[in-house]
Amino acid sequence: MKVLLVGGGGREHAIAEAINRSPQVDKLYCAPGNAGIAKIAECVKIGTMDFEALTAFAADNEIDLTVCSMDDPLCAGIVDAFEAKGLRIFGTPANAAIIEGSKAFSKDLMKKYGIPTAAYEIFDDPEKALAYLETAKMPIVLKASGLALGKGVLICNTLDDAKAGVAELMMDKKFGDAGSKIVIEEFMTGREVSVLAFADGKTYKLMSSSQDHKRAGDGDTGLNTGGMGTFSPSPFYTEEVDDYCRKNIYQKTMDAMAAEGRPFRGVLYFGLMLTPDGPRVLEYNTRFGDPETQVVLPRLKSDIIEIMQACIDGKLDSVDPEFEDNAAVCVVIASGGYPGSYEKGKVITGLENFDGKEGYYCFHAGTAFNTDGETVTSGGRVLGVTALGDTLIEARANAYKAAEWVHFDGEYMRHDIGKAIDAVK
Ligand code: AMP
Ligand code: GLY
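All figures in this text were calculated on a predicted structure; none of them were measured in a lab. Once a new chain begins, its residue numbering starts again from 1 and follows that chain's sequence as written. Here chains are named by letter from A upward and ligands by number from 1 upward, in the order in which they appear as written. Local features in this predicted model are restricted to residues of pLDDT 70 or higher, and side-chain atom pairs are both shown and tallied only at a pLDDT of 80 or more, whereas totals for entire chains, interfaces and linings draw on every residue. Hydrogens and water molecules were not included; the side-chain quantities draw on all heavy atoms of the structure.

**Comments concerning the site of ligand 2**
How we decide: We define proximity as follows: a residue is near a molecule or strand when any one of its heavy atoms falls within 4 Å of that partner. Two N or O atoms form a polar contact when they lie within 3.5 Å of each other; inside protein one atom must be a possible hydrogen donor and the other a possible acceptor, and for residues adjacent in sequence the pair counts only when both atoms belong to side chains. For the area figures, the Shrake-Rupley method with a 1.4 Å probe applies, and any residue is considered shielded solely by the protein chains shown. Residues are grouped as follows: Ala, Val, Leu, Ile, Met, Phe, Trp, Tyr, Cys and Pro are nonpolar; Asp, Glu, Lys and Arg are charged; every other residue, Gly included, is polar.
Taken together, Asp-212, Lys-214, Gly-226, Tyr-269, Asn-285, Arg-287, Gly-289, Asp-290, Pro-291 and Glu-292 make up the full set of residues near ligand 2. Contact between ligand 2 and Asn-285: an oxygen atom at 3.1 Å from a side-chain N or O atom of the residue. Between Asp-290 and ligand 2, the recorded distance is 2.9 Å, taken from a backbone N or O atom to a nitrogen atom. Its free accessible area being 200 Å², ligand 2 has 92% of it covered by the protein chains. The residue inventory of the shell around ligand 2, partitioned by class, reads two nonpolar, three polar and five charged.

If you want it as structure tokens, here you go:
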């Protein structure tokens, strides 16, 4: 069969790698792809929001299945646009993608259906938000309700910080319209775990757990980023936690969405915090996490295409995604300055060191070809170097060893990805 993958980040490179492992796939296209994806798929120059061109490409090239796992196109209705033309697509329709597209929606959903999450209030008037803060307990968390590349969350330690945060989000519109409405929520403490699930509208099937590292600097310092590294599985996602979440979070969310007339299909991402009072939902996403996908999918034993087809057909109860009994660690190599401003166009050397090395992956996130055909940096997060191992400790050692195989000017990585593992050694 022919498959079209929409996107061009590290997540898409990992999805492309998993799709290519499926015995059913003869040809993979990726729009727009990147320099790494170009090695394993035919890249086509179509933007991820150009639904006209994407659907025309799928129809003209007799694509059997399109796959999209990006928040912007899903929230804007890419699934609906494909289905309106009778084209088959794996992803979440817009009316359910709102679970990520509006934090105000998802918080209200959790409240209505008794799904454990931080206490919160929603504001669309900055004056009312400021007045509320005067009586609130610090630290406190401010969130732009709309999509903000994972960066619209401010953790404020003092009242002054919180007031400045309201100004930044609602008045200065740092994240544009995403901040017209904000969620102000209780600050929670605990370890974070990401749990991804395939979903078909009724049934969900979990993938192996993982943990992201969202802050830019070692020791969880610095600004929030899209994610600087991940490991999978999370040793903190114990049977007890899994049990609790199955009873109180996962099926309840599926049922809540169905009851709201928004049955959820695609990939549902549960961002959890394991607080002293039990697991709480930090956020939902309507897609594979990035860089979580870069450690989860290399461990997937099952045929991803079979699972995706079952999600579309409402037959997920008949498949069981299986994962290898091993571990993976991903270290993101970023451009110096990220998540602030950074330079692009730096030549990347050493990529060939990954050729033929089983258990090692160099997923490309922000890369492109220059006019000389060299692979150069083109984004903040440039590469996701992932390695497998029998244990997390082995996978981490392998990932940091492999991170030394590639270089570019101004490269930056965290040196403590997976340090938390040592607590359970
Ligand atoms: P979100 O995009 O909502 O997952 O938030 C981004 C990051 O901010 C999370 O991964 C947490 O590290 C942190 N965060 C979000 N909400 C809270 C909260 N209520 N308490 C503490 N930290 C939070
Ligand atoms: N790594 C967090 C996310 O994908 O939203």
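**Brief notes about the layout of surface pockets**
What counts, and what does not: Put simply, the grid is 1 Å and covers the protein atoms alone, a cavity is a trapped set of points that fit a 1.4 Å probe, a pocket is an open set with protein on both sides within 12 Å along at least five of seven lines, and lining residues have an atom within 4 Å of a point. Grid points are joined across faces, edges and corners, and a volume is the space filled by probe spheres set on the points. Secondary structure counts use DSSP, requiring at least four H or I residues in a row for a helix and at least two E residues in a row for a strand, with both numbered from the N terminus.
The volume enclosed by the second largest pocket comes to roughly 480 Å³. Forming the walls of the second largest pocket are 21 residues, and the residues nearest its centre are His-13, Phe-354, Tyr-360, Tyr-361 and Cys-362. Secondary structure elements with two or more residues in the lining of the second largest pocket: helix H1 (10-20) and strand S19 (360-364). Considering every element that reaches the lining of the second largest pocket, the biggest residue donor is S19, with five residues.

**Section: helix H2 (residues 51-60)**
Under the convention used in this document: When a residue's accessible area, from a 1.4 Å probe over protein chains only, is under 20% of the maximum for its type it is buried; when over 50% it is exposed; and in between it is partly exposed. Throughout, the arc means that of the directions going from the helix axis to the C-beta atoms.
Buried within H2 are the following residues: Phe-51, Leu-54, Thr-55, Phe-57 and Ala-58. Down the axis of H2, the sector holding all buried residues measures 155 degrees, keeping them to one side. Exposed residues on H2 whose side chains face more than 90 degrees from its buried face are Glu-52 and Asp-60. Where H2 terminates, the next one or two residues include Glu-62, which has phi positive at roughly 50 degrees.

**Notes on the site of ligand 1**
Around ligand 1 sit 14 residues, and of these Lys-143, Glu-185, Glu-186, Met-188 and Glu-192 come closest. Lys-143 has a polar side-chain atom sitting 2.9 Å from an oxygen atom of ligand 1. Between a nitrogen atom of ligand 1 and a main-chain N or O atom of Glu-186, the distance comes to 2.8 Å. Mapped onto the shell around ligand 1, the elements with two or more residues apiece are strand S7 (140-144), strand S8 (153-156), strand S9 (182-186) and strand S17 (278-285). The residue makeup of the shell around ligand 1, split by class, is seven nonpolar, no polar and seven charged.

**A word on the pairing of S7**
To be explicit about the condition: Pairing between two strands is assigned when DSSP locates at least 2 bridges connecting them.
Burial analysis of S7 places five of its five residues in the buried class, which makes it a mostly covered element. With burial as the criterion, each face of S7 is covered, one bearing Ile-140, Leu-142 and Ala-144 and the other bearing Val-141 and Lys-143. Both S7 and S8 contribute to a ladder of four bridges, which runs antiparallel. In the sheet register, Ile-140 faces S8, and the bridge partner there is Cys-156.

**Some thoughts on the nonpolar core**
Operational definition: What we call a nonpolar core is a set of buried Ala, Val, Leu, Ile, Met, Phe, Trp, Tyr and Cys residues that are connected through their side-chain atoms within 4.5 Å. In what follows, a contact means two residues having at least one pair of non-hydrogen atoms within 4.5 Å.
Ranked by size, the top nonpolar core spans 42 residues in total, and within it Ile-19, Val-67, Phe-90, Phe-198, Phe-288 and Ile-304 carry the most contacts. Not counting the four nearest positions on each side in its chain, Val-67 is found in contact with Val-3, Leu-4, Leu-5, Val-6, Ile-15, Ile-19, Phe-90 and Met-308. Val-193, Val-195, Phe-270 and Tyr-284 belong to the second largest nonpolar core, which has 29 residues in total.

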